[in-house]
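Listed below are the residues making up each chain.
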Protein chains: 2
Amino acid sequence: MNRVNLEQKVLSENDRIAAELRQRFVKNDILCLNLISSPGAGKTSLLERTLEGFAAESRGGPHVAVLTGDIQTDNDAARLARFGFPVRQITTGGTCHLDARMITHALEGWRLEDFDLLFIENVGNLVCPACYDLGEAAKIVVLSTAEGEDKPLKYPSIFFKSALLVLNKIDLLPHVPFDLPAARANARRVHPEMEIVEVSCATSEGLNAWRQWIEQQRKELSARMIAGIA
Amino acid sequence: MNRVNLEQKVLSENDRIAAELRQRFVKNDILCLNLISSPGAGKTSLLERTLEGFAAESRGGPHVAVLTGDIQTDNDAARLARFGFPVRQITTGGTCHLDARMITHALEGWRLEDFDLLFIENVGNLVCPACYDLGEAAKIVVLSTAEGEDKPLKYPSIFFKSALLVLNKIDLLPHVPFDLPAARANARRVHPEMEIVEVSCATSEGLNAWRQWIEQQRKELSARMIAGIA
């Protein structure tokens, strides 16, 4: 078997397991979101601010769980566990992406019916995670203003496959050579229907739009459930 | 053949081609440096400032060539070609790293004896390029202060394998939560002998130390050539 055939076999096996995961998420009315970015673009900070917001809500807030992937260390799980929601670290030990089998294992022992919302924080890598379906309802790509507005054109696959672009660190705009209109245009050149929210986890700017996007996805999932088409 | 065996076969084939490249570089007294970082950490900006400096020198400066890798677009080659040195883009078309065979192909038609210094700018990815020897004299990892001081611990392989850490975007230090002493300590926890230079391509701070590091490598290469031990 040559390399291309083997890769196809690995990916089709991953797709099969991801389809099972997706069925389980839909059956339990869980919105699963797969966050992907370069190292240091701010996935963990975005989740910290998001969990902080949910924790401050009264009992009406969603029941959230988080799986966070890294090659080494459980630093991110420690950062995210402070908000009182269940968090598990997946340490890949060198592998450059999460795959569906890792998600299945990490969920063992959790009662999915207890959750409304599952965040998966992928390994920091703008390339390889794009190829691996994890059963999510949507992929979300996080791009920091420190990285440059050309990234959607240079890493098109993940921008094409993500429903939402979170443009993070907009507080740095006065200090970095980042052309915001060009970034939006580049993202939509790759993916014309892409939704975009612009946020700063340092100043909280834009976090409401991010929360509203999540709420809209939850409503759409529930509507599909009620209509029996999920 | 299972996946692990196939990966080993691919890597050992890569090592064989990389060894041939290394021999050619040594025979022609070329210092080859392989630059690796996350997307947007500033590899291209660092090379722009470096080539700009060499171009401003009198005829005594090194004869430089550049190979620059990207998944899509030839933006980086266009940026780097402005300084009058030979530059070639390697577009990987989805592949998340450069490999030795790509370098061999990209060098076709160039007279290696005309060059003293070859920069290879890898695909923006802090994970996968660490596994692929390109025949370089040294790997260099570029980390931006916008990415966070924890990255050496989370992506240890590339920090372990790189001779030099270029801590870039130090002009952003007043605006980002980056602990510089912790970044240095984390890098040396993974790789105790790691050399570190701290630079800003925006203000030029530290670029002399970077240039001196390159000059030192060139001298050591020449000394090894003369001693016949390269």
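Residues numbered from 1 in each chain as written. Chains lettered and ligands numbered in written order. Predicted model: local features only at pLDDT ≥ 70, side-chain atom pairs only at ≥ 80, totals over all residues. Heavy atoms only, no water.

**Quick notes on the overall build of chain A**
1) Next: In terms of regular secondary structure, chain A is built from eight helices and seven strands.
2) Next: When the backbone C-alpha atoms are referred to their principal axes, chain A occupies close to 55 × 45 × 40 Å.
3) Next: Evaluated residue by residue, chain A yields a buried proportion of 54% over its 230 residues.
4) Next: In chain A, the share of contacts with a sequence separation of at least 24, taken over all contacts with a separation of at least 6, comes to 71%.
5) Next: Carbon and sulfur atoms make up 50% of the accessible area of chain A, which amounts to about 9700 Å² in all.
6) Next: Of the charged side chains in chain A, 26 are positive and 30 negative; the average position of the first set lies 2 Å away from that of the second. (Helix = DSSP H or I, 4+ residues; strand = E, 2+ residues; numbered from the N terminus. Buried < 20%, exposed > 50% of the residue type's maximum accessible area, 1.4 Å probe, protein only. Contact = heavy atoms within 4.5 Å. Areas by Shrake-Rupley, 256 points an atom, 1.4 Å probe, with all protein chains shown as cover. Lys, Arg positive; Asp, Glu negative; His and termini not counted. Charge placed at Lys NZ, Arg CZ, Asp CG, Glu CD.)

**What about unusual backbone geometry?**
1) Next: The backbone of aspartate 29 of chain A shows a phi angle near 55°, a positive value even though the residue is not glycine.
2) Next: Along the chain, aspartate 29 of chain A turns up in the loop between helix H1 (3-27) and strand E1 (31-37).
3) Next: For aspartate 29 of chain A, a relative accessible area of 29% translates into the label partly exposed.
4) Next: Of note in the backbone geometry, lysine 169 of chain B takes a positive phi value of approximately 65° without being a glycine.
5) Next: Among the secondary structure elements, lysine 169 of chain B is positioned in the loop between strand E6 (164-168) and helix H7 (180-190).
6) Next: A relative accessible area of 14% means that lysine 169 of chain B is categorised as buried.

**Looking at empty space enclosed by the protein**
1) Next: Counted under the stated rule, the structure contains one cavity of 30 Å³ or more.
2) Next: One number sums up the size of the largest cavity: a volume of about 50 Å³.
3) Next: Lining the largest cavity are 14 residues, and of these Ser144, Ala146 and Glu147 of chain A together with Ala146 and Glu147 of chain B lie nearest its centre. (1 Å grid on protein atoms, 1.4 Å probe; cavity = no way out; pocket = protein on both sides within 12 Å on 5 of 7 lines; lining within 4 Å. Points joined across faces, edges and corners; volume = space filled by probe spheres on them.)

**What about the sheet that holds strand E7 (residues 195-198) of chain A?**
Residues and elements named next belong to chain A.
1) Next: Read across the sheet, seven strands follow the order E3-E2-E4-E1-E5-E6-E7 without closing on themselves; strand pairing throughout is parallel. Looking at strand neighbours, the two that pair on one side only are strand E3 (87-91) and E7, the edges of this open sheet. For this sheet the average axis-to-axis angle between neighbouring strands, irrespective of direction, equals 20°.
2) Next: As paired elements, strand E2 (residues 64-70) and strand E4 (residues 117-121) share five bridges and run parallel to each other. When the sheet's bridge partners are listed, valine 66 is paired in E4 with phenylalanine 119.
3) Next: Contacts between helix H4 (residues 100-107) and the sheet are confined to E2, E3 and E4, with E3 contributing the most and set at about 140° to the helix. (Pairing = 2+ DSSP bridges. Axes fitted to C-alpha atoms, helices over the stretch in contact; angles between N-to-C directions.)

**Looking at the interface of chain B and chain A**
Accessible area lost upon the coming together of the parts is a frequently used measure of interface size.
1) Next: Taken together, the contact pairs 36 residues of chain B with 36 residues of chain A.
2) Next: Both sides of the chain B and chain A interface together cover about 2700 Å² of buried area, and 61% of this is carbon and sulfur.
3) Next: Broken down residue by residue, the surface that chain B buries against chain A is led by Arg3, Pro39 and Lys154 of chain B, which jointly contribute 22%.
4) Next: On the surface where chain B and chain A come into contact, there are four salt bridges.
5) Next: Lysine 154 of chain B is the partner of aspartate 76 of chain A in a salt bridge, and the nearest nitrogen-oxygen pair spans 2.8 Å.
6) Next: Going through the elements one at a time, helix H1 (3-27), helix H3 (75-81) and helix H5 (151-154) of chain B are the ones with two or more residues in the side of chain B that touches chain A.
7) Next: Residues belonging to the side of chain B that touches chain A are distributed by class as follows: 17 nonpolar, ten polar and nine charged. (Buried area = accessible area lost by both parts, 1.4 Å probe. Salt bridge = Lys/Arg side-chain N within 4 Å of Asp/Glu carboxyl O. Nonpolar A, V, L, I, M, F, W, Y, C, P; charged D, E, K, R; others polar.)

**Details of the environment of asparagine 122 of chain B**
Residues and elements named next belong to chain B.
1) Next: Positionally, asparagine 122 belongs in the loop between strand E4 (117-121) and strand E5 (138-144).
2) Next: Take asparagine 122: its relative accessible area is 1%, and that puts it in the buried class.
3) Next: Considering only alpha carbons, one finds asparagine 122 and valine 190, 68 residues apart in sequence, at a separation of 22 Å.
4) Next: Here asparagine 34 takes part through its side chain, which lies 3.2 Å from a polar atom of the side chain of asparagine 122. (Polar contact = N/O pair within 3.5 Å; in protein donor to acceptor, adjacent residues only side chain to side chain.)

**As for the layout of surface pockets**
1) Next: Estimated volume of the largest pocket: approximately 1300 Å³.
2) Next: Along the walls of the largest pocket sit 49 residues, with Cys96 and Cys128 of chain A together with Arg3, Cys96 and Cys128 of chain B positioned nearest its centre.
3) Next: For the lining of the largest pocket, the secondary structure elements donating two or more residues are H1 and helix H6 (156-161) of chain A together with H1 and helix H6 (156-161) of chain B.
4) Next: It is H1 of chain B that provides the largest number of residues to the lining of the largest pocket, a total of seven residues.
5) Next: Taken together, the residues of the lining of the largest pocket sort by class into 31 nonpolar, twelve polar and six charged.

**A word on the nonpolar core**
1) Next: In terms of nonpolar packing, the biggest core is built from 52 residues, with Phe159, Leu165 and Leu167 of chain A together with Phe159, Leu165 and Leu167 of chain B touching the most fellow members.
2) Next: Where this core is concerned, the elements lending two or more residues are strand E5 (138-144), H6, strand E6 (164-168) and helix H7 (180-190) of chain A together with E5, H6, E6 and H7 of chain B.
3) Next: Not counting chain neighbours up to four residues away, the residues in contact with leucine 165 of chain B comprise Val141, Leu143, Phe159, Ala187, Met194, Glu195, Ile196 and Val197 of chain B. (Core = buried A, V, L, I, M, F, W, Y, C linked by side-chain atoms within 4.5 Å.)

**Focus on the confidence of the model for chain A**
1) Next: Model confidence for chain A is summarised by a mean pLDDT of 94, while 98% of its residues fall at 70 or above.
2) Next: The complex model carries a pTM of 0.94, and its ipTM stands at 0.90. (pLDDT = per-residue confidence, 0-100.)

**Some remarks on the relation of the copies chain B and chain A**
1) Next: Aligned on chain A, chain B shows an RMSD of 0.0 Å; the corresponding rotation is 180° and the shift along the axis is 0.0 Å. As the rotation angle and translation indicate, the two copies are arranged about a two-fold axis.
2) Next: When the interface residues of chain B are mapped onto chain A, 100% of them again lie at the interface, so the same face is used by both copies. (Least-squares fit on C-alpha atoms with pLDDT ≥ 70 in both.)

**Describing the pattern of salt bridges**
1) Next: For the structure shown, the criterion picks out 36 salt bridges over all chains.
2) Next: With its nearest N and O atoms 3.0 Å apart, the salt bridge here joins aspartate 114 of chain A to arginine 111 of chain A.
3) Next: By relative accessible area, aspartate 114 of chain A is classed as partly exposed at 35%.
4) Next: Glutamate 57 of chain B serves as the salt-bridge partner of arginine 211 of chain B, at 2.2 Å between the closest nitrogen and oxygen. Separated by 154 residues along the polypeptide, arginine 211 of chain B in helix H8 (residues 207-227) and glutamate 57 of chain B in the loop between helix H2 (43-56) and strand E2 (64-70) bring together distant segments of the chain.
5) Next: The exposure class of glutamate 57 of chain B is partly exposed, given its relative accessible area of 31%.

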